[in-house]
Amino acid sequence: MSDVKKFMYLNRRAPYGAIYAWESLEVVLIGAAFDQEVSLMFVDDGVYQLVKGSDTSESDMKNFMPTYRTLGDYGVRHMFVDKASLEARGLTQDDLIEVAWEDWETEEEVDNIVELVETDQAAQLLSDSDVVFSF
Amino acid sequence: MKLSVQVNEGPYQHQASDTAYHFTKAALEKGHDVFRVFFYHDGVLNGTRLTTPPQDDRNIVNRWVELAEKYDLDLVLCVAAAQRRGIVDDGEAERNGKDATNIAPKFRISGLGQLIEAAIQSDRLVVFGD
C-alpha cells in the first residue's frame, strides 16, 4: 500500500452497555497490520471507555480495559478526549488511564497519548481525517 | 467516485440499513463505483436468508441481494460479528461444527481486514449506524 491515510476511530458509547466499544477496539487491533496513521477520539459517553479502575467481575462481562493500555503498541498515535464531554460527566483527566507510546525505530517515546481537546479542536481533527470510523 | 459503505445495525430495528441501502442504490444509479458494503455489529443480521417480514413490508435482506445481483456488489459480513450472532455459511458451519447455514446469496463472510482495505481503497467510507 503506497499512501498512508489518517484514520480516526470515533467512540461515542459507554463501554459495557452495548458491544460497540469492544467491537470498535477489534477493528483498531486488526487495522494495526495495515500501517496507517491512527487516532482515536472519545466523545459523549465514549469518555467512560477510558475511566480507570473498572471492575466487571460481577457482571459476567469480559473486562477489556487492559486492551486500551496496549494501543500504543498497535500503532495508535493519539487518543483524543473531548474535554466538554468529560466535564459534563464530572470527570477529569486524573480519572482516565494513561497509554504510553514508543516508536521502536526512532526510540521516540511519549508517556501518555491520552489528550484532552476542546470541542472545536475535536471537530477540526475529525475534519482533517481521511477516514472516520464511527462507533 | 469510489465509495465503500459500512452498516452497523440490523434490519427493521433501526433505519440504518434502509438508509444505507437507499444511499448505495442511489450512488450506483448515479454511476459511482461501490467498492464494498461491509456489515458490522448487528449489521451482519442483514445477511440471513431466513428473514421473513410480513408480506406488506419491505424485505430488507432480499433488497440487498437484488442490488448485489444487478451491480455485482461485494457484500461482506464481519466473521467475528457473524459468529457471535449466528450467521453461518458452509465454511463456518464446518469449522465450528454447526448443523445449518443461513447466509443469504451474494453475501460472504470475511475478516475485519476487508473493512480496513475498503477504507484505504475508497475515496469515501460512509458509515450508517445508530
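Residues numbered from 1 in each chain as written. Chains lettered and ligands numbered in written order. Predicted model: local features only at pLDDT ≥ 70, side-chain atom pairs only at ≥ 80, totals over all residues. Heavy atoms only, no water.

(A) Expanded view of the sheet that holds strand β2 (residues 37-42) of chain A. Residues and elements named next belong to chain A. The strand order β6-β3-β2-β1-β7 describes an open sheet built from five strands, whose pairing is parallel. The open sheet terminates on both sides in strands that have one partner only, identified here as β6 (114-117) and β7 (131-134). The mean angle between the axes of side-by-side strands here comes to 25 degrees, regardless of whether they run parallel or antiparallel. In terms of strand pairing, strand β1 (residues 6-11) meets β2 through six bridges, oriented parallel. Paired with Lys-6 across the two strands is Glu-37, which belongs to β2. (Pairing = 2+ DSSP bridges. Helix = DSSP H or I, 4+ residues; strand = E, 2+ residues; numbered from the N terminus. Axes fitted to C-alpha atoms, helices over the stretch in contact; angles between N-to-C directions.)

(B) Here's a closer look at the nonpolar core. Formed by 68 residues in total, the largest nonpolar core has its most connected members in Tyr-9, Tyr-68, Met-79 and Phe-133 of chain A together with Trp-64 of chain B. If one sorts the elements of this core by residue count, helix α2 (residues 60-71) of chain B sits on top with six residues. Counting seven residues, the second-largest nonpolar core is a separate cluster that includes Met-41, Val-43, Val-117 and Ala-122 of chain A. (Core = buried A, V, L, I, M, F, W, Y, C linked by side-chain atoms within 4.5 Å. Buried < 20%, exposed > 50% of the residue type's maximum accessible area, 1.4 Å probe, protein only.)

(C) Geometry of the pairing of strand β3 (residues 75-78) of chain B. Residues and elements named next belong to chain B. Burial of the side chains of β3 extends over both faces: Leu-75 and Leu-77 are buried on one face and Val-76 and Cys-78 on the other. Two elements, strand β2 (residues 33-39) and β3, share three bridges in a ladder whose sense is parallel. Residue pairing across strands places Phe-39 opposite Leu-77, the latter belonging to β3. As for the winding sense of the linkage, the β-α-β connection from β2 through α2 to β3 is right-handed. (Right-handed = clockwise from strand over helix to strand, strands pointing away.)

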